[in-house]
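Architecture and fold: a report
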Amino acid sequence: MTQKTKEPQPSWLCKWLVKRIFRDEGEAKLGDFMEIYSTFTEEKGRFQAKVQFWGYLIRSIPDYLKDKSYIGGTMFKNYIKNALRNIKRHRGYSFINIFGTAVGIACSIIVLLYVFDELSYDKYHKNADRIYRVRVRYTLDGEISTDTTYSPELLASTLQNEFPEIEAAARFTNYGFPVFRYRDKVFSEEKVFRADNSIFDIFSFEFISGDPEKALIDPHSIVLTQSSAKKYFGKENPIGKVINADKRRDLTVTAVIKDIPRKSHFHFDFLIFLPKADPQANWLNLPNRTYVLLKKNATMQDLAGKLELTVSKYLAPFIEKSDNMPWDQWTASGNKAEYLPQALTRIHLHSNIGGEFESNGNITSIYFISLIGMALLIIACINYINLETARASKRFREIGMRKTLGAKPSQIAFCVLTESMLMSFFSFTFALVLVKTLLPVFNNLFGKSLVLSLSDQVALLPVIFASMFFIGLVTGLYPSIALMKVKTSRVLKGFKSSGKNRSYLRNVLVVFQFAASIFIIIATWIVLSQIKYSLNMKLGFNKDQLMVIHKVDDIAQSRKTFKQNLLTLPGVLEVTNSSTVPGKGISKSYHRLYGGDINSNLLLSQIYADYDLLNTYQINLLEGRDFSKDFGREMDAVILNQTAVKVWSLDDPVGKHITPIGSGLDRKLKVIGVVEDFHFNSAHESVQPLKIGLFSENGYGRYLTVRVNPQNIQNTIKKMEKQWQVFAGKQAFEYSFVDTQFEALYNSEKELGRLFSVFAILAVFIACLGLLGLATFSISQRTKEIGIRKILGASVPGLSVLLLKELLRWVLIAACIAWPLAYLIMKKWLSGFAYRTSMTMWTFLGSAVVVLIIAVITASYQTIKAATANPVDSLRYE
Amino acid sequence: MSMLSRTDEMILLAVWRLEDNAYGVTIAEMLTQTSEKKWVLGAVYVPLERLEKKGYLSSCLGKSTKKRGGRSKRLYKLTKDGLDILIKTKTQEQSIWADISISSLEKGYDTKN
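A brief report on the enclosed structure follows. On a predicted model such as this, the values are computed, not experimentally measured, just so you know.

Let's talk about the overall build of chain B
Secondary structure summary: chain B contains 5 helices and 2 strands in total. Out of the 113 residues belonging to chain B, those deemed buried represent 37%. Across chain B, every contact between residues at least 6 apart in sequence was considered, and the portion connecting residues at least 24 apart equals 50%. Split by element, the accessible area of chain B, about 7,100 Å² in all, is 55% carbon and sulfur.

Okay, structure coming up:
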């Protein structure tokens, strides 16, 4: 069979491979391969021939290389053997090296896991990249007055009906704290959400039973998560069972879904039907959150545009009505009303606005932690380079010998690289073991559940191998080049490295290490002192011995008797019922001065309570009077705080009137008193203008605050619990102390503080390991100098100072680098607090001193040993 | 004079058999036919080059064909030394095996155990 057309040819890649691998002279080998290829083509046809030929070529390579690389293989074996010998011979340094690098690597692996974990929130939804939440932001007079996750009731249905780009939109929000009953089981629940049925089109909740199409269609339907179903029904089939809510409504279980994964920005145990939005609903009210699923081809910009249209079409008329001003004029006078899309996957780390479901993570912390993880890894690598270059001078003779025996420079470099690769391999193995053993501790400390399982996280493997290779290369590169350049003749003649250049680089690296350590210590110091400051801040009320009893709504009917009974107990001093307590959210609404115009609008935080709030909390009354039974139930009286008085600039506040916006402008609230500012929130927020009002006859709050006598608190609590059981029966008696609740506000800062403390210790530790090795070497190189100095009459202290002087210089330079950097970065961090500690000079000086002391201690053993040594030993051979 | 390895021996014999047409592809084919192993090109180049270096083979660039995309063949020939070593190997082998037949080998295995 002959072919008239051009002979088929293997691809250029094959040709290239043949040329490269088989060292082809005169292209005879390529010819052979092409002949084989042609034969294949004749026998099997083109396509099959290609496949077969590739197989043939690949099979050819190992056979060839096996024979060819025999010599390379022996050399490689020799390198490995040499490297192992070297590691063994310098056991101490090898250990310092491997251990230090391993700790650095372990840290960065943990940081990597932590960052991955934080970055993977909300990714469990199938359409996560197309889901958005609507954020509502009002700007009044150029200042943001409202910035919240809550949105108007009609927004979801409007978006869905009017814009084809939107596949689904749903209202989704949390819902009070109902008491659920099923037969003898009674629980006060906290994680109850309400939603439109279309929420199942947006989020991917896994249904165990029930139909996502109809789960929330019936007004009496409720969807349970797996664990809440187990809590109420045990092994029974929950579908169709009826749960009673607050003794008012019966809810039928329509579906059970899997528990919400940990990595979600919301968690609920129950999902209840949400009644259809009222078409007349006021767009100024913000009762629920709105989530939107976009169609595949729509972008976030499209959604932003649609939301803008919605504002001007629907919200504008309501603003015009309430503020009595045409929309154009309203926007022209520095006001803005915006609906903004928030990408679902960015919520956890980037969103921190009003009305978040849970307190979210913080992207700055993530950057911070990644930075420090990187720094630790770099410090560890620097250690390795430092020690290796220091040791290099001791290897000159070996290298010289190798060169005389015919080693090429490339072989020398390869030999050193093999060693650093091997060290990197050991370090990584050690690091992985460290991570495995330390992760439980880390999880415990930070309330995370990170796992390292290489079989599950296959994606990690290439990363780990790549970084292993990379670290081996980076750490080995400099020493290998340094050794490659060694001049054989000089070495064998007995030349000793003066090493001016090398020690210059070494010093730079050491300084960098110290700078990083100082920086981390300063950061830790400031984070910790800010936490301390926040906890000891003057709060405006007395937080000690204040106890909060939760879920008082469970005994709503008998709450007054319960309070009276508590007051009869000997350990109880005061009791008050209030709508909120420190650390819990506070509701806000707009008020203006009575008779004032729009300029006097002010968003007031509001607390409702019974007559005893000020007494129980020991809040200072500055002017006027407290609520009192003598004046009856004053529903139209309020007490303001100092900030509110100041913002409104009221000269003589008592007796003035204010009016709440929204219920018409005719309601008058008389100011009867002014209290000193007090903090119910964390130090992140400044004190907001606030009013205190009285509960109506039937109003009550969820919390009962009790001021107890510090003596015999446990006994008092037991007695209170007995009282509680009289009214609440089986329900658990839940209480907490206000001071611990306040501490909980700083959980994320404490987490950061702990993380920093750990990192600071590690950073200093690794740096010290490096210093220890380095000091040993630099002193061993100076033994003769020290010997001569001693003979000429130098004293031991004098010599020690001489040897440590260098250390002082390094630390000083490092401090000069670290101080301004730490100052700038920590200033940025502190600006997140409305009330912040000041950065004192002592923090900065102290951190440098700490590093210096640790460095001196580390180096002094070697130094003193060298200084006290008998000069005869070092000079014997001269 | 050193002894030949089994592979070298087979390759020298293949070159001898192929006479004027001994180059990569044909040698690999011949080896595949005479042994039970599949020989690929990669496996014959190294021993060929080694044998050439030792002086048992000589090579020159020969004709090319269309099938080879215009690349010439590297044709191998047995040298005098190569012929000598083959003869030597053959006589040595015969003397080693001279008084042993397969049946006597098997018998020896039985009695030893």
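Let's talk about the overall build of chain A
Counting its regular elements, chain A contains 27 helices and 24 strands. Within chain A, contacts between residues at least 6 apart in sequence are counted, and of these 79% link residues at least 24 apart.

Remarks on the packing of aromatic side chains
For the coordinates displayed, the defined rule picks out 47 aromatic pairs over all chains. Considering the side-chain rings of A:Phe203 and A:Phe205, the 5.6 Å spacing of their centres and the 55 degrees angle between planes classify their relative orientation as tilted. Residue classification places A:Phe205 among the buried residues on the basis of a relative accessible area of 10%. A ring pair is formed by A:Phe562 and A:Phe727, whose centres lie 5.9 Å apart and whose planes are at 80 degrees; its orientation type is edge-to-face. Taken as a pair, A:Phe562 in helix α18 (residues 559-568) and A:Phe727 in helix α21 (residues 713-728) lie far apart in primary sequence, 165 residues in all. Classification of A:Phe562 as buried rests on a relative accessible area of 0%. By way of ring pairs, the aromatic residues A:Phe172, A:Phe193, A:Phe200, A:Phe203, A:Phe205, A:Phe207, A:Phe266, A:Phe268, A:Tyr291 and A:Phe357 are connected into one cluster. Between A:Lys231 and the ring centre of A:Phe187, over which it is positioned, the NZ or CZ distance is 4.6 Å. Its guanidinium or amino end placed over the ring of B:Trp39, B:Lys37 lies 4.1 Å from that ring's centre, counting from NZ or CZ.

Some remarks on helix α25 (residues 796-830) of chain A
Residue and element names in this part refer to chain A. Compared with an ideal rise of 1.5 Å per residue, which puts 35 residues at 51 Å, α25 spans 47 Å between its outermost C-alpha atoms and is within 8% of the ideal. Taking the largest bend as the criterion, α25 deviates by roughly 35 degrees, centred on Leu 804. Two or three places before Gly 798, at the start of α25, stands the capping residue Ser 795, its side-chain oxygen 3.1 Å from that residue's backbone nitrogen.

Let's talk about the pairing of strand β20 (residues 657-660) of chain A
All names here are of chain A. One ladder, built from 3 bridges, connects strand β16 (residues 587-593) with β20; its direction is antiparallel. When the sheet's bridge partners are listed, His 591 is paired in β20 with Pro 660. Relative to strand β21 (residues 669-675), β20 is paired through 2 bridges, and the arrangement is antiparallel. When the sheet's bridge partners are listed, His 657 is paired in β21 with Lys 670.

Some words on the packing of helix α12 (residues 363-392) of chain A against helix α15 (residues 460-484) of chain A
The geometry of a pair of packed helices is captured by two quantities: the angle between their axes and the separation between those axes. Residue and element names in this part refer to chain A. Interaxial distance between α12 and α15 falls to 9 Å at its minimum, and their mutual angle equals 25 degrees. Looking at the two axes, α12 sits roughly parallel to α15. The two elements α12 and α15 meet at a crossing, and its hand is right-handed. Between α12 and α15, the residues in contact are Leu 377, Cys 381, Tyr 384, Ile 385, Glu 388, Thr 389 and Ala 392 and Ile 471, Val 474, Thr 475, Tyr 478, Pro 479 and Leu 483, respectively. Per-class residue counts for the contact of α12 with α15 are 10 nonpolar, 2 polar and 1 charged.

Concerning the environment of A:Ile854
Residue and element names in this part refer to chain A. Summarising the element assignment, Ile 854 is placed in helix α26 (residues 841-868). Residue class for Ile 854 comes out partly exposed when judged on its relative accessible area of 30%. Along the primary structure Ile 854 and Val 764 are separated by 90 residues, whereas in three dimensions their C-alpha atoms are 8.2 Å apart. Residues contacting Ile 854, with those up to four places away along its chain left out, are Val 764 and Cys 768.

Quick look at the interface of chain A and chain B
Each partner contributes residues to the interface: chain A has 27 residues there, and chain B has 22 residues. Summed over both partners, the interface of chain A with chain B buries about 2,100 Å², with 55% contributed by carbon and sulfur atoms. Run the count over chain A and chain B and you get 4 salt bridges. Note that B:Arg68 and A:Glu35 form a salt bridge whose closest N and O atoms lie 2.9 Å from each other. Viewed at the interface, chain B and chain A are joined by 9 residue pairs in polar contact (both at pLDDT 80 or more). Where the side of chain A that touches chain B is concerned, the elements lending two or more residues are α2 (28-44) and α3 (46-68) of chain A. Among the elements that take part in the side of chain A that touches chain B, α2(A) stands out by supplying 12 residues, more than any other.

Observations regarding the pairing of strand β13 (residues 336-343) of chain A
Residues and elements named next belong to chain A. Most of β13 sits inside the fold, with 6 of its 8 residues counted as buried. In terms of strand pairing, strand β1 (residues 131-140) meets β13 through 8 bridges, oriented antiparallel. Paired with Arg 135 across the bridge in β13 is Leu 340.

The rules behind these values
Residues numbered from 1 in each chain as written. Chains lettered and ligands numbered in written order. Predicted model: local features only at pLDDT ≥ 70, side-chain atom pairs only at ≥ 80, totals over all residues. Heavy atoms only, no water. Helix = DSSP H or I, 4+ residues; strand = E, 2+ residues; numbered from the N terminus. Buried < 20%, exposed > 50% of the residue type's maximum accessible area, 1.4 Å probe, protein only. Contact = heavy atoms within 4.5 Å. Areas by Shrake-Rupley, 256 points an atom, 1.4 Å probe, with all protein chains shown as cover. Phe/Tyr/Trp six-rings, centres within 6.5 Å; stacked < 30°, edge-to-face > 60°. Lys NZ or Arg CZ within 6 Å of the ring centre and 35° of its normal. Expected span 1.5 Å × (residues − 1). Bend = angle between axes of the 7 residues up to and from the residue. Polar contact = N/O pair within 3.5 Å; in protein donor to acceptor, adjacent residues only side chain to side chain. Pairing = 2+ DSSP bridges. Axes fitted to C-alpha atoms, helices over the stretch in contact; angles between N-to-C directions. Parallel < 35°, antiparallel > 145°, perpendicular 65-115°, else oblique. Left-handed = near helix turned anticlockwise from the far one by under 90°. Nonpolar A, V, L, I, M, F, W, Y, C, P; charged D, E, K, R; others polar. Buried area = accessible area lost by both parts, 1.4 Å probe. Salt bridge = Lys/Arg side-chain N within 4 Å of Asp/Glu carboxyl O.

By themselves, these figures tell us nothing about what the structure is for.
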